[in-house]
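Residues per chain, in single letters:
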Amino acid sequence: MPERTATVASRVGLHARPAAIFAEAAGEYDLDITIAREGEPADEAMDAASILSLMSLGASHGDVVVLRAEGAGADDALNHLVQILETDHDAE
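Residues numbered from 1 in each chain as written. Predicted model: local features only at pLDDT ≥ 70, side-chain atom pairs only at ≥ 80, totals over all residues. Heavy atoms only, no water.

Applicable threshold: UniProt positions are given in the numbering used here, feature names are shortened, and annotations may be inferred rather than shown by experiment.
The protein chain appears in an unreviewed UniProt entry as Phosphocarrier protein HPr from Pseudarthrobacter oxydans. Under the Subcellular location (unreviewed entry) heading, UniProt states for the protein chain: "Cytoplasm".

Here's what the structure looks like:
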C-alpha cells in the first residue's frame, strides 16, 4: 500500500479551513485514503475525506502525518494531498 508523510504547514494545524480543503480534495478520489499521526498504528488511521476525522486527529502546525491509499492512481492522489498539507492555507 503506497504511503507518504507530510508536515502540516498551516499555522492553525489541520483545523477548520485547511481540514475542509484537504477533505474535499481527498473525497474527489475514488480511493480509500487514510491519515494518521506519524508513529500511530496503521489500523488506527482515520478517513482522510472526513472533516470530523481530520479535526479529531489533532494535527498541529509542524506535525508529521502519514497518508495511505490503495488502488489505481493512489500514488498520484497521495502526491497531490501531500502538496495540500504542506501549503500554509492560512497565509492565503
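This is not the end of the story, as more comes after the structure.
**Some thoughts on the overall build of the protein chain**
Here is the rule: Put simply, DSSP marks the helices as runs of H or I at least four residues long and the strands as runs of E at least two long, and each gets a number from the N terminus on. Think of it in three bands: with a 1.4 Å probe and only protein chains considered, a residue is buried below 20% of the maximum accessible area for its type, exposed above 50%, and partly exposed in between. A contact between two residues is defined here by any heavy atoms of the two lying within 4.5 Å. All accessible areas in this document rest on Shrake-Rupley with a 1.4 Å probe, and a residue is counted as covered only by the protein chains that are shown.
Helix and strand content of the protein chain: three helices and four strands. Reading the protein chain from its N terminus to its C terminus gives the helix and strand order β-α-β-β-α-β-α. Principal-axis analysis of the C-alpha atoms places the extent of the protein chain at approximately 35 × 25 × 20 Å. Residue burial in the protein chain is summarised as follows: out of 92 residues, 39% are buried. Contacts spanning at least 24 positions in sequence make up 76% of the contacts within the protein chain whose residues lie at least 6 apart. When the accessible surface of the protein chain is totalled, it reaches about 4,800 Å², and 48% of it is carbon and sulfur.

**Some thoughts on the packing of helix H1 (residues 16–27) against helix H3 (residues 74–85)**
So the rule is basically this: Note on definitions: angles span 0 to 180 degrees between N-to-C directions of axes, and those axes are lines fitted to C-alpha atoms, for helices only across the stretch in contact. Geometric relationships in this document are graded by angle, where less than 35 degrees denotes roughly parallel, more than 145 denotes roughly antiparallel, 65 to 115 denotes roughly perpendicular, and other angles denote oblique. Side-chain classes are defined by residue name, with Ala, Val, Leu, Ile, Met, Phe, Trp, Tyr, Cys and Pro counting as nonpolar, Asp, Glu, Lys and Arg as charged, and the others, Gly among them, as polar.
Packing of H1 against H3 brings their axes to within 10 Å, and their N-to-C directions diverge by 170°. Classed by the angle they form, the pair H1 and H3 counts as roughly antiparallel. The segment H1 lies against H3, with Ile21, Phe22, Ala25 and Ala26 engaging His80, Leu81, Ile84 and Leu85. Among the residues making up the contact of H1 with H3, the classes are represented as seven nonpolar, one polar and no charged.

**Some words on the sheet that holds strand S4 (residues 64–70)**
Using the following cut-off: Two strands make a pair as long as DSSP finds a minimum of two bridges between them.
The sheet built from four strands is open, its strands ordered S1-S4-S2-S3 with antiparallel pairing. Looking at strand neighbours, the two that pair on one side only are strand S1 (3–7) and strand S3 (46–47), the edges of this open sheet. Strand direction decides the pairing type here: strand S2 (residues 32–37) and S3, joined by two bridges, are antiparallel. The residue of S3 that forms the bridge with Ile35 is Met46.

**Remarks on the pattern of salt bridges**
How we decide: Think of a salt bridge as a Lys or Arg side-chain nitrogen and an Asp or Glu carboxyl oxygen that are within 4 Å of each other.
One pass over the full model with this rule turns up four salt bridges. Between Arg11 and Asp88 there is a salt bridge, with its nearest N and O atoms 2.9 Å apart. Taken as a pair, Arg11 in the loop between S1 and H1 and Asp88 in the segment after H3 lie far apart in primary sequence, 77 residues in all. The salt bridge involving Asp63 is made with Arg37; its shortest N-O contact spans 3.1 Å. Of this pair, Asp63 sits in the loop between helix H2 (51–57) and S4 while Arg37 sits in strand S2, and the two are 26 residues apart along the sequence.

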